[in-house]
Every structure is written in structure tokens, then in C-alpha cells.
Amino acid sequence: MRQKLLLKPGSMTLEDLCRVYREDLDISLDSSCKIQVDAASAIIQAAADGDVAVYGVNTGFGKLANTRIPAHQTTQLQRNLILSHCCGVGKALPDNIVRLVMVLKILSLGRGASGVRWSLIKQIELFLQKDLLPVIPEKGSVGASGDLAPLAHLAAVLLGEGEARFQGQPMPAIEALEAAGLEPIELGPKEGLGLINGTQVSTALALANLFDAWSLAQTALISGAITTDALMDSTAPFRPEIHALRGMQGQIDAAASLRGLLAGSSIRESHRQNDERVQDPYSIRCQPQVMGACIDQLRQVSRTLEIESNAVTDNPIVVVADGSILSGGNFHAEPIAFAADQCAMVIAEIGSITERRIATTVDPAQSYGLPAFLSPDPGLNSGFMNAEVTSAALMSENKQRAALASIDSTPTSANQEDHVSMACHAARRLGAMNHNLAHIIAIELLTGVQGIEFRAPIETSPALLKVMREVRTKSKRLEQDRYLANDIEAVKDLVMQRKIIAALEDESLLPQLSIG
């Protein structure tokens, strides 16, 4: 049986939204918001019946805003808007992203400032409950006037147009509605505009990739701790006094995590004396500073996205208190574009420092007694030589993908919409970056575990031994050269599925995204 989640517009948390992304939930909308929704809808209906021009209610859209539409054509106006904007291209968004988009749309409409009818919002709720998901192409939004094209594909299914997936099976929307026991709807005044104006696709993509990036950051602390012990490096740079003096919370948390992960390591104790090395490479010594900065950035991103997830990003907006219908620009997704760019920089930087640790581990000049490329018989065998090259290739690709999207803009709609955010693809590109980073971390886990095994019979910490055992369920020790691509992919899956984190059996060893 699916667990229940009650949607409360304006007050959903990151934890709630992460559950929507990662779980298949029984979702329903808090009925207490119906009064506000009905009041706003009545204001829009009155405007549609009146003589005063109101954008999107009895006018055309964009550059055609000065064209008046008679009352008897307002339903056709909204239908035409949806169909004409179904211009998305590319692969379909994954089902869990589509669910998140739909939840965000319900949350926005449920604030009672968009002027749509309660029955429209409930229809989207029914879609979720019956597992009827619109097929939404991933490309076509410039991030202002909202995510027009992708959201139009969502809205089209409400009309019985376009494509859908019903209980996992793709089919025409009209067939999906029939299979679910539902009827197509006719849109009321402004409802088409209310459906496609908004940042929900950009925000859903950004949220999903934030959640994955955070798990990857946590896992990179684990893999970094393993490498620290494999190289028999010092834990002195992780002492709390250093980080308290700087005062950066993320840095303090990263150092505490590394100390906890390495606590009880016999390897660490074995070289406290008579170790001729004075300082370790920055990729080891500066883990708290680099990972801490990444943690702080991701927490900032999370605050932005939590606010946006609860926001009204429609236009025009209905102010129920005084009956105003205000034309503004909340559909402009600049905050999401900035947040996505911040996230991209973090993903690239974690990959950068992780790759450097891999390179150090396979280099006999830097690895403090480990064999070349971690092979028991180097020369005849190349060991992890090219696995490190793969990590370097992925690191470099992520650097290129991290180029800022938010500083780009191009005018659209005959220059009416003359500045846009590019938030949608800024957020979408994070998915490929996360998968690249997961591969890099997987390679570090393979090299780090192999390195620690060369230190036997001395053992690492109890926490890291659990992780090593988890890695070894998918990849046996490298004794002779073999086909390594499958090992990398299998451990990468452990990383993406959060099984490396779960292996610790104690997530309190890791920083948390929300700090209250």
C-alpha cells in the first residue's frame, strides 16, 4: 500500500518534495484551501463576463495581448493556447519528474491566486492517484513566461490531447483518460494560462538533481575518507579547532563527518609516529574546505527551491483580498536558473577534487607504498590506470557542462518576452552531470578499497569497513587485469541508489541538507 502525503500549498518542505521524487505516494490536496481557490475563480469569472480587458482572460497572449476576445470564445481561447504551445521536443521526462511537476503545479494553483476552478486542480490530483501521467518532452522552455511548452503538454492531457502513460503504459491521452475512468475537461477563463504559466518543470528538475547532488556529496565524503586511509594520510587537518576558527558551517560539518568516518581506524594509528611526510596533498588536506563550500552552496540552493516550490508563479495573479487581477512576472525563473548554476558548480567541483584523489592513489610516487595503479603485479597488468583516465574525462566534461546558463538570454514572442532565464535546461543538464559524478565516485571507491586492502592486516575504521563490504558485493578485488566497465557501472549504481550511504548504518555521520 502506498504511503499518504497531504499537500498543503505554501508549507511543503524539502523532505516532502524528496519523498515525491523518490517514492510512489498516495497524494491528496488539503481541502482547506478550497475557499481561497473558489474566491479567486469567482473573480476571474466576473472579469470574463465584464467589459474591461484583462490579460489572458479576455485578451490574446504575449504579443497578441491587445486583441480582445469576446466572452463566448474564452473557452476556445484557452484550448487554443494549450494546443498551440505543445511544441516540446526531445526525450520524455521520467515518471518521477513528471509526478513532481504535477505536485508543484497543484501546490501553486492551490494557493488560490491563479483563478482556476477547484475541479481543475482536483483533476490533476486524480491523475496522480490513478497513475495517469502526461508525456512531457524535456526540451522547449526558455524559463520565462514560465515553462510554456512542457507545461502545455501536461495541460493537453487534461483535454484528451497528446500522449500519456497510464499505469506505466504509453498511449494517446484520450485512451488513458478512458482507461482511468475520466473525461476530458473544458477549460474555463484563464485556466489554460494558469496551467502553462509557471516554473514547475524547471523547479522539479532542479529539485530532483539537488536531491541527487546532495546524496553524491555525502557519498564523496565517504569515498574521500576511504582514500585518506588508503594513502595513510593525516587526520590532523580535520581537527575541529581549525574549522571553528574559520566559522563556515559547511566546512565545520564536513570536517566532523570525516572525523566520524575515520574514527577507530587502525591504519591511522599505525603511522602517527615515524611518518616522514609533513603535509598531504590539497585534495586530501582541504577536503573540509572544498566539500564544506559545496555543502553551503547546496543548502543555499535548497532554500531557494523550497521557497519556489511553494510559490505562485502564474500571471496574472488574483488578489482575493481586494479583487485585483495583477499582471506581473513571477513566471520568470531567474532564481531557479541561478540555483541550477550553483548546483552545477558544486557537482563539477566535487568531481574535480575526487579525480585528484584517484590520481594520487594510482601514482606510486604519491601513494606512500601502494603499487603502481594498484595492481599486485604492475607491468604485466595495468590495474586501475585507465579507470583514472575515465574519471579525468568525466571530470572535464562536467567542467564544460558547468558553464553558466543563467547569463544567457534571447528575446522571444516578437520581442515581447525579451529577457528569459534559461532555467529549464540549466536544471536539466544537472542530471547528466550527476551521473558523471557518480561514476567518478564509484571509481574512487574501487581504488580506495583496493588501496586499503593493500594495508592489511591493518584495518580501517568500523564505519568504512561496512562500506568496503558493500563495494565488494559488486566488485571483487582486482588481482589481474579484467574487464572493468561492469565493475564501475555496478558500483555507480550503488552510489546512485544511496546504498553506500545506507551501508554506514548511521547517517548521523554525514551532514544533512536541512539544518533547521
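Above this text you will find the structure in question.
Residues numbered from 1 in each chain as written. Predicted model: local features only at pLDDT ≥ 70, side-chain atom pairs only at ≥ 80, totals over all residues. Heavy atoms only, no water.

### A look at the environment of glutamate 479
- Looking at the secondary structure, you find glutamate 479 in the loop between α18 (462-472) and α19 (485-496).
- Among the residues examined, glutamate 479 registers a relative accessible area of 42% and is labelled partly exposed.
- Put simply, glutamate 479 and glycine 383 are 96 residues apart on the chain and 8.4 Å apart in space, counted from C-alpha to C-alpha.
- Here arginine 477 takes part through its side chain, which lies 3.0 Å from a polar atom of the side chain of glutamate 479. (Helix = DSSP H or I, 4+ residues; strand = E, 2+ residues; numbered from the N terminus. Buried < 20%, exposed > 50% of the residue type's maximum accessible area, 1.4 Å probe, protein only. Polar contact = N/O pair within 3.5 Å; in protein donor to acceptor, adjacent residues only side chain to side chain.)

### Comments concerning the pattern of salt bridges
- Applying the stated criterion across every chain yields a total of 24 salt bridges.
- Two residues, aspartate 95 and arginine 165, come together in a salt bridge whose shortest N-O distance is 3.1 Å. With aspartate 95 in helix α4 (residues 95-109) and arginine 165 in strand β6 (residues 163-166), this residue pair connects regions lying 70 residues apart in the sequence.
- Exposure remark for aspartate 95: the relative accessible area of 23% places this residue in the partly exposed category.
- Overall, the relative accessible area of 26% leaves arginine 165 in the partly exposed class.
- Glutamate 505 is the salt-bridge partner of lysine 466, the closest N and O atoms lying 3.2 Å from each other. Pair noted here: lysine 466 is in helix α18 and glutamate 505 is in the segment after α20 (499-503), with a separation of 39 residues, a long-range link.
- Looking at glutamate 505, the relative accessible area reads 65%, which means it is exposed. (Salt bridge = Lys/Arg side-chain N within 4 Å of Asp/Glu carboxyl O.)

### Concerning unusual backbone geometry
- In this chain, alanine 144 is followed by serine 145 through a cis amide linkage whose omega measures -15°.
- Take serine 145: it is sitting in the loop between β5 (137-139) and α6 (148-158).
- Positive phi is not limited to glycine here, since tyrosine 368 has a value of about 55°.
- Considering the arrangement of structural elements, one finds tyrosine 368 in the loop between α15 (334-362) and α16 (385-401).
- Backbone geometry places phenylalanine 373, a non-glycine residue, at a positive phi of 60°.
- You can call phenylalanine 373 partly exposed: its relative accessible area is 26%.

### Examining the side chain of serine 145
- Classification of serine 145 by relative accessible area gives buried; the value is 9%.
- Non-local contacts of serine 145, meaning those with residues more than four positions away in its chain, are made with Ile196, Asn197, Phe331 and Glu417. (Contact = heavy atoms within 4.5 Å.)

### Let's talk about the packing of aromatic side chains
- Under the definition given, this model contains 1 aromatic pair.
- Both rings, one in tyrosine 21 and one in phenylalanine 211, keep their centres 6.2 Å apart while their planes meet at 35°; by these two values the pair is tilted. Of this pair, tyrosine 21 sits in helix α1 (residues 14-22) while phenylalanine 211 sits in helix α9 (residues 200-230), and the two are 190 residues apart along the sequence.
- With a relative accessible area of 13%, tyrosine 21 lands in the buried category.
- The ring of tyrosine 368 has arginine 277 sitting right over it, with the charged end atom 3.6 Å from the ring centre.
- Over the ring of phenylalanine 454 we find arginine 477; its NZ or CZ atom is 4.5 Å from the centre of that ring. (Phe/Tyr/Trp six-rings, centres within 6.5 Å; stacked < 30°, edge-to-face > 60°. Lys NZ or Arg CZ within 6 Å of the ring centre and 35° of its normal.)

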